[in-house]
Amino acid sequence: MKAANGTLFDKDGNPKPAILRSIERALDIQRPLIIANIDRLRRHHPEASPAELTRLLERDYLRATTLTGVAVGATAAVPAVGTVAALGLSAAATVGFLEATALYAESVAELHGVRTEDPERSRTMVMAILMGQEGTALIRSVLGASAGQGAPQYWGQLVNKSAPASLVKTLTGSIQRTFMKKFLAKQGGFMLGRALPFGVGAVIGGSGNHVMGKSVIRTTREAFGPLPRTIPGELAEVLQLPEPRKKRA
């Protein structure tokens, strides 16, 4: 556990600068990649609705993160791979999990008509989703206090669409401080588990990522609510989709 924590934190218990930079890069998914991700699914399923595309995104995300956890955990069973090397691979898997989560969550946001061009807004949204109920509660409390009324039910669209820039900065500061400490502390345990030998790491890596992935999917659904029936206009234009035919009266 000491070795696992030493990979993430310095002697004062603060996240290492290199780790912070890796996390920031992992969460900064550029919009063209998000559009390409949606377009890839749409080309294979041209008649799919936003809800159906989202289910495919959920399937691919959960499958990819689970298999990655299994694969990294399995490396600990190879005699030539030492504990330090296994921990390094496990840290890389953490970054990979963040990248997959950002790509998934922002793809879902686009299908709700929320553009993901602003890196700060998108990063804040993804961190809140990764924090689960705690992130949701924090977002709702800040948004509710700012509006002077009850917290919005579907906060994902507000964070990445209509919330003022000053409010987003407040949210980003609050969420980032909590996220870095709690997420990395949790990852220290997962890193150790993935590095265990005799195949145990593969089981822990796969099951741990699967549980976290399910939590991400659940929180994303709660953040954005029901999907539109058709692909939103601006996204349809980017994907170069034909306009839907109007029904005859």
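As the structure is a computational prediction, the values presented were derived from the model and not from experiment.

Here we look at the pattern of salt bridges
What the rule picks out here adds up to 13 salt bridges. The partner of Arg40 in a salt bridge is Asp60, with the nearest N and O atoms 3.6 Å apart. Separated by 20 residues along the polypeptide, Arg40 in helix α3 (residues 31–44) and Asp60 in helix α4 (residues 50–75) bring together distant segments of the chain. The buried category is assigned to Asp60, whose relative accessible area is 19%. The residue Lys169 makes a salt bridge to Glu120 at a minimum N-O spacing of 3.8 Å. Of this pair, Lys169 sits in helix α9 (residues 165–194) while Glu120 sits in helix α6 (residues 119–130); the two residues are 49 residues apart in sequence, bridging distant segments of the chain. The class of Lys169 is exposed, set by a relative accessible area of 53%.

Examining the environment of Thr116
You can see Thr116 is positioned in the loop between α5 (83–111) and α6. For Thr116, a relative accessible area of 3% corresponds to the buried category. C-alpha of Thr116 to C-alpha of Ile29: the two residues are 87 residues apart in sequence and 9.0 Å apart in space. Only 2.9 Å separates the side chain of Thr116 from the side chain of Glu110, close enough to count as a polar contact.

Topic: α6
For α6, built from 12 residues, the straight-helix expectation of 16 Å at 1.5 Å per residue is met to within 8% by its first-to-last C-alpha distance of 16 Å. Across the 12 residues of α6, 10 count as buried, placing the element largely inside the fold. Buried residues of α6: Arg121, Ser122, Arg123, Thr124, Met125, Val126, Met127, Ala128, Ile129 and Leu130, and no others. A distance of 3.0 Å separates the backbone nitrogen of Glu120 from a side-chain oxygen at the start of α6, and that oxygen is part of Asp118.

Quick word on the side chain of Thr172
Looking at the secondary structure, you find Thr172 in helix α9. Setting aside chain neighbours within four positions, we find Thr172 in contact with Glu120 and Thr124.

Some thoughts on the packing of aromatic side chains
Here the structure, examined in full by the defined rule, presents 2 aromatic pairs. Their ring planes at 45° and their centres at 6.3 Å tell us that Tyr61 and Phe97 sit as a pair that is tilted. Of this pair, Tyr61 sits in helix α4 while Phe97 sits in helix α5, placing them 36 residues apart in sequence. Residue classification places Tyr61 among the buried positions, given a relative accessible area of 4%. Residues Tyr61 and Tyr104 carry aromatic rings whose centres are separated by 4.8 Å and whose planes lie at 10° to one another, so their mutual orientation is stacked. Here Tyr61, found in helix α4, pairs with Tyr104, found in helix α5; they are 43 residues apart in sequence, far enough to count as distant. Every member of this aromatic cluster is reached through a ring pair, and the members are Tyr61, Phe97 and Tyr104.

Notes on helix α2 (residues 17–27)
By the burial criterion, the buried members of α2 are Ile19, Ile23, Ala26 and Leu27. The buried residues of α2 occupy one face: seen down the axis, they fall within an arc of 90°. Away from the buried face of α2 by more than 90 degrees, exposed residues Pro17 and Arg25 are located.

Looking at the confidence of the model for the protein chain
Averaged over the protein chain, the pLDDT score is 76; the fraction of residues at 70 or greater is 66%. Below a pLDDT of 50 lies the segment residues 77–84, which in the model reaches 4 contacts outside its immediate sequence neighbourhood of four places, other chains included.

Some thoughts on the nonpolar core
With 53 residues, the main nonpolar core has Met125, Leu130, Trp155 and Phe179 as its most contacted residues. Among the elements that make up this core, the one with the highest residue count is α5 (8 residues). Not counting chain neighbours up to four residues away, the residues in contact with Leu130 comprise Leu27, Phe97, Leu98, Thr101, Phe179, Phe183 and Val216.

Digging into the side chain of Ser107
Here Ser107 shows up in helix α5. Of the residues examined, Ser107 reaches a relative accessible area of 0% and is grouped as buried. For Ser107, the contacting residues outside a window of four places in its chain are Ile34, Asn37, Ile38 and Leu57.

What counts and what doesn't
- Residues numbered from 1 in each chain as written.
- Predicted model: local features only at pLDDT ≥ 70, side-chain atom pairs only at ≥ 80, totals over all residues.
- Heavy atoms only, no water.
- Salt bridge = Lys/Arg side-chain N within 4 Å of Asp/Glu carboxyl O.
- Helix = DSSP H or I, 4+ residues; strand = E, 2+ residues; numbered from the N terminus.
- Buried < 20%, exposed > 50% of the residue type's maximum accessible area, 1.4 Å probe, protein only.
- Polar contact = N/O pair within 3.5 Å; in protein donor to acceptor, adjacent residues only side chain to side chain.
- Expected span 1.5 Å × (residues − 1).
- Contact = heavy atoms within 4.5 Å.
- Phe/Tyr/Trp six-rings, centres within 6.5 Å; stacked < 30°, edge-to-face > 60°.
- Arc of directions from axis to C-beta.
- pLDDT = per-residue confidence, 0-100.
- Core = buried A, V, L, I, M, F, W, Y, C linked by side-chain atoms within 4.5 Å.

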